[in-house]
Amino acid sequence: MSEQNDNPSSLPVFLDPGTKGGAVVLSLLLFVVPIIVYQVATGVLGMDEIEVGRNIGVGFSVITMLVWGGTYIFRVATKDMTYAKQLKDYEDAVIAKRLEELDEDEVQALVEDIEREQF
């Protein structure tokens, strides 16, 4: 199996959405923030409860879909997807296996070719 933590996050464990703690905190925030916005809009600002509820529901849905779509497009653009990682791991394993099968003379010849191409 490939390593799970190729590039560790600089976020604390409870804020990193890739960890269980981060998933719990993110879920709580996604649950509590709309309730707080609703309470502020209806209580402090005196807006209509039905209208505020509808606007929060629509806004929450649209924002979460846009954020999810943005993260998906970002992962596709940076090739940070499971298939791309598995394909790279497979290609690296095939190259390593082929390198093991070569004689010492062939390996030395390849190293010399690579050194010539770099300069």
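That block above? That's the structure.
Residues numbered from 1 in each chain as written. Predicted model: local features only at pLDDT ≥ 70, side-chain atom pairs only at ≥ 80, totals over all residues. Heavy atoms only, no water.

Asks: Pulling in residues and values, what's your account of the environment of Arg116?
Replies: Summarising the element assignment, Arg116 is placed in helix α4 (residues 104-118). When its relative accessible area of 59% is taken as the criterion, Arg116 is described as exposed. Along the backbone, Arg116 and Thr82 are 34 residues apart, and their C-alpha atoms lie at a distance of 35 Å. Of the polar contacts made by the side chain of Arg116, one reaches the side chain of Asp113; its length is 2.7 Å. (Helix = DSSP H or I, 4+ residues; strand = E, 2+ residues; numbered from the N terminus. Buried < 20%, exposed > 50% of the residue type's maximum accessible area, 1.4 Å probe, protein only. Polar contact = N/O pair within 3.5 Å; in protein donor to acceptor, adjacent residues only side chain to side chain.)

Asks: Can you lay out a nonpolar patch on the surface for me, pointing to particular residues and giving the numbers?
Replies: A cluster of nonpolar side chains, Phe31, Val32, Ile35, Ile36, Val40, Val44, Leu45 and Met47, forms an exposed patch at the surface whose accessible area comes to about 760 Å². Positionally, Val40 belongs in helix α1 (residues 20-44). Owing to a relative accessible area of 40%, Val40 belongs among the partly exposed residues under this scheme. (Patch = residues over 30% accessible without salt bridge, like charges linked within 9 Å, V, L, I, M, F, W, Y side chains within 5 Å. Areas by Shrake-Rupley, 256 points an atom, 1.4 Å probe, with all protein chains shown as cover. Salt bridge = Lys/Arg side-chain N within 4 Å of Asp/Glu carboxyl O.)

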